[in-house]
Amino acid sequence: MNSIRVRLGVLGLAMLTGFSTPTAASAAEAAAPSPTVEERRLDRAVPQEILRRSGFDTVAPRLARALVEARSYAQARRAVVVEGTQLWRRAVDRAQGRGPAGGDLSRDDDRPLYWARLGMTREVRTWEPDFGLTDGQRTALLDELERTSRGQTTLRYAHGKNLKRILVTGFDPFTLDRDIRISNPSGATALALDGTVIETADGPARIETAVFPVRWQDFTEGTAERTLRPHLPEVDLFTTVSQGRVGRFDVERTNGAWRGGFADNDNIGRTETVPVTDPASQPQWTTTTLPYRAIVTADTGRFPVYDNTGVTEIPAGGTEPVVRPDGPTPGSTARAGGGGDYLSNEIAYRATLLRDRLGLHDVLPGGHVHTPVLQFGAGNTTGVTDPEFVRNRVDIIAQVRTILRVAAEES
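Okay, so let's go over this structure. Being a predicted model, the structure only gives us computed values, none of them experimental.

### Observations concerning unusual backbone geometry
Reasoning step 1: With phi around 50°, Thr175 is a residue other than glycine that occupies positive phi space.
Reasoning step 2: Structurally, Thr175 can be placed in the loop between strand 1 (164-171) and helix 8 (185-193).
Reasoning step 3: Overall, Thr175 belongs to the buried group, its relative accessible area being 14%.
Reasoning step 4: The phi angle at Asn267 is positive, at roughly 60°, despite the residue not being glycine.
Reasoning step 5: Along the chain, Asn267 turns up in the loop between strand 7 (258-260) and strand 8 (271-273).

Following this line, the structure appears as structure tokens:
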């Protein structure tokens, strides 16, 4: 972000928020690495309370036992795939009211999935089996765990001529060093809507979802493209979703090819052009093909919805960033899309660029929607939840669902 965008990002605008080729296995055994910055937050009181009050505190220990019992890399890989897939399914089931709640934390909460996954990745990252594990094998196990526990490997659509297919993505919680209690309504929306069917004026539409990490490196390695590429040609609508501004939804008109440097969940920042394949043909801007006029005029819920056309650019021939309320000018260089210059802008840019490179710009509605910032009730500075917090999240989820219905009916 430029400095203005960074400050806004700290207040919640930033998220508005793999293709990982494992390192070639070497013959030598590799020592287990230390937990990441993100994983080390697990030891704090709030994550432990969230896990305990949802029943997800059993997830990482179960994987640890399965790894202890593994007698080969193949057995370990099977255990990781099974446990990762079960974690995603358990989180979806809990959010949609199936099975036990596991505790008194509300079912709409996305945080048990996030913290349980980190517990699992920490187990894999620090595991030292007797049979030895190369760096490449450990990387591959972590990749399998990330993808399966995020719903990225279980995107499935039934095919019927009267069934529309919708793809939705969400994000992990972020800015956790500012407030470790944070929940991300986009991740909660993904859990609540995965595999559900909405009735539209044109018939039923099935929603499939996946969640993405708030880490620059995963996007550099192509996690978005690897997940979305097989499915964009078969869907009728896609929407990337992330947390944005206080008290409002935004349909982002334009996405920019720029990373503004805001720190990710591993406290790493990147300031550079968004790295993609074939950079010689990379555009500075991509645009939404969602039916934004219909979305912003429809009655979708209690939060207002805006058509956000603003960007920050370096004009052609210029050297300094300029804010443009009505979109980019010809030949300009991106410094922030409507959704900023963090990973929410990046997934929107990558998804819409992929749409265009697949030749689907004119036939596939797709783009980015920012939800309101999920806020705790007044005076709650320490509690992990409260009635207003839950109400806000439930209302945001319901409004995203209605936005999807309107978009499907207008597409």
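### Quick look at the packing of aromatic side chains
Reasoning step 1: Here the structure, examined in full by the defined rule, presents 9 aromatic pairs.
Reasoning step 2: Between Phe262 and Tyr342 the ring centres are 4.9 Å apart and the planes differ by 85°, which places this aromatic pair in the edge-to-face class. With Phe262 in the loop between strand 7 and strand 8 and Tyr342 in the loop between strand 13 (333-336) and helix 12 (343-357), the pair connects residues that are 80 residues apart, well separated along the chain. Pair check on accessibility: Phe262 and Tyr342 agree, each one buried.
Reasoning step 3: A network of ring pairs unites the aromatic residues Phe174, Trp216, Phe262 and Tyr342 as a single cluster.
Reasoning step 4: Across from the ring centre of Phe376, 3.9 Å away, lies the NZ or CZ of Arg181, which sits over that ring.
Reasoning step 5: Of note, Arg248 hangs over the ring of Tyr306, and the distance from its end group to the ring centre comes to 4.1 Å.

### Considerations on the pattern of salt bridges
Reasoning step 1: Throughout the structure, instances matching the rule amount to 37 salt bridges.
Reasoning step 2: Across the pair Glu83 and Arg62 runs a salt bridge whose closest N-O atoms are separated by 2.9 Å. A residue pair is termed long-range when its members are at least 10 positions apart, and Glu83 in helix 5 (residues 73-95) and Arg62 in helix 4 (residues 59-69) qualify at 21 residues.
Reasoning step 3: Using a relative accessible area of 9% as the deciding quantity, one classes Glu83 as buried.
Reasoning step 4: Linking Arg259 and Glu346 is a salt bridge whose minimum nitrogen-to-oxygen distance equals 2.8 Å. Highlighted residues: Arg259 in strand 7 and Glu346 in helix 12, separated in sequence by 87 residues.
Reasoning step 5: Among the charged side chains, a network of salt bridges with common partners joins Glu38, Arg117, Glu146, Arg150, Asp172, Arg215 and Asp218.

Conventions and cut-offs
Residues numbered from 1 in each chain as written. Predicted model: local features only at pLDDT ≥ 70, side-chain atom pairs only at ≥ 80, totals over all residues. Heavy atoms only, no water. Helix = DSSP H or I, 4+ residues; strand = E, 2+ residues; numbered from the N terminus. Buried < 20%, exposed > 50% of the residue type's maximum accessible area, 1.4 Å probe, protein only. Phe/Tyr/Trp six-rings, centres within 6.5 Å; stacked < 30°, edge-to-face > 60°. Lys NZ or Arg CZ within 6 Å of the ring centre and 35° of its normal. Salt bridge = Lys/Arg side-chain N within 4 Å of Asp/Glu carboxyl O.

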